[in-house]
Amino acid sequence: MLKLKKVHHIAIICSDYEVSKHFYTKLLGFEIMAETYRRERDSYKLDLALNGNYSIELFSFPNPPSRVSQPEACGLRHLAFEVDDIKQTLHYLVDNNLNPEPVRTDEFTNKRFTFIADPDNLPIEFYEA
């Protein structure tokens, strides 16, 4: 059996680098570990950490194709982040015009959760611990 230790990172390609950089750092609170412009690709690579843990690589490429989010398609479905208080999270999302869905309750765990979309319509879930 292969011995995986943990998820190392998630790579996301964005259509507007500055908008997505703002979303993930200023609104969601990821910390910038490194930012690299790759001239030969006309591309940025932004390494982001959450609570000191390397988590996301945010890439920009010229004219990437749009992601299909609705209807749901095969492949990555969404990113989910654990939060302590869904009500507090919901207020923050509303106050920052991030248009959260109504809070739902997971029928299997009885935990509450909500979704928003990132600037490229990638679903982001907030799941109460």
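Just so you know, these numbers come straight off a predicted model, no measurement behind them.

What follows deals with the overall build of the chain. Helix and strand counts for the chain come out as two helices and eight strands. Along the chain, from the amino end to the carboxyl end, the secondary structure elements read β-α-β-β-β-β-α-β-β-β. Principal-axis analysis of the C-alpha atoms places the extent of the chain at approximately 50 × 45 × 30 Å. When each of the 129 residues of the chain is scored for burial, the buried share is 35%. Here the chain has roughly 8900 Å² of accessible surface; of this, 52% comes from carbon and sulfur atoms. Across the chain, the centroid of the 15 positively charged side chains sits 6 Å from that of the 20 negatively charged ones.

Read from one edge to the other, the open sheet built from four strands follows the order E1-E4-E3-E2, with strand pairing classed as mixed. Where the open sheet ends on each side, the last strands, each with one partner, are strand E1 (10-14) and strand E2 (31-38). The average undirected angle you get between the axes of adjacent strands in this sheet is 20°. Pairing of E1 with strand E4 (residues 53-60), which is carried by five bridges, proceeds in the parallel orientation. Looking at the pairing, Ala11 lines up with Glu57 of E4. Along the sheet face, helix H1 (residues 17-27) touches E1, E2, strand E3 (43-50) and E4 and points at about 160° away from the line of E4.

This part takes up the nonpolar core. Formed by 22 residues in total, the largest nonpolar core has its most connected members in Phe23, Tyr24, Phe81, Ile124 and Phe126. Of all the secondary-structure elements, those providing two or more residues to this core are E1, H1, E3, E4, strand E5 (79-83), helix H2 (86-95) and strand E8 (123-128). With four residues, H1 is the single largest residue contributor to this core. Each of domain 1 (7-62) and domain 2 (77-128) gives at least three residues to this core. Dropping the residues within four chain positions of it, Phe126 is found in contact with Leu28, Phe81, Val83, Ile86, Thr89, Leu93, Arg112, Phe113, Thr114 and Ile116.

This brings us to the pattern of salt bridges. Counted under the stated rule, the structure contains five salt bridges. Between Glu57 and Lys45 there is a salt bridge, and its shortest N-O distance comes to 3.6 Å. One end of the pair, Glu57, is in strand E4; the other, Lys45, is in strand E3, and 12 residues separate them in sequence. By relative accessible area, Lys45 is classed as buried at 18%. A salt bridge links Glu101 to Arg104; its shortest N-O distance comes to 3.0 Å. The network of salt bridges with shared partners includes Lys45, Asp47 and Glu57.

Bringing the UniProt feature "domain: VOC" (unreviewed entry) in the chain into the picture now. The UniProt record marks residues 6-129 with the feature "domain: VOC" (unreviewed entry), using the residue numbering of this structure. Between the first and last C-alpha atoms of residues 6-129 the distance is 19 Å; the span itself is 17% helix and 39% strand.

Thresholds, definitions, all that
Residues numbered from 1 in each chain as written. Predicted model: local features only at pLDDT ≥ 70, side-chain atom pairs only at ≥ 80, totals over all residues. Heavy atoms only, no water. Helix = DSSP H or I, 4+ residues; strand = E, 2+ residues; numbered from the N terminus. Buried < 20%, exposed > 50% of the residue type's maximum accessible area, 1.4 Å probe, protein only. Areas by Shrake-Rupley, 256 points an atom, 1.4 Å probe, with all protein chains shown as cover. Lys, Arg positive; Asp, Glu negative; His and termini not counted. Charge placed at Lys NZ, Arg CZ, Asp CG, Glu CD. Pairing = 2+ DSSP bridges. Axes fitted to C-alpha atoms, helices over the stretch in contact; angles between N-to-C directions. Contact = heavy atoms within 4.5 Å. Core = buried A, V, L, I, M, F, W, Y, C linked by side-chain atoms within 4.5 Å. Domains from an automatic or database assignment. Salt bridge = Lys/Arg side-chain N within 4 Å of Asp/Glu carboxyl O. UniProt positions renumbered as here; feature names shortened; annotations may be inferred.

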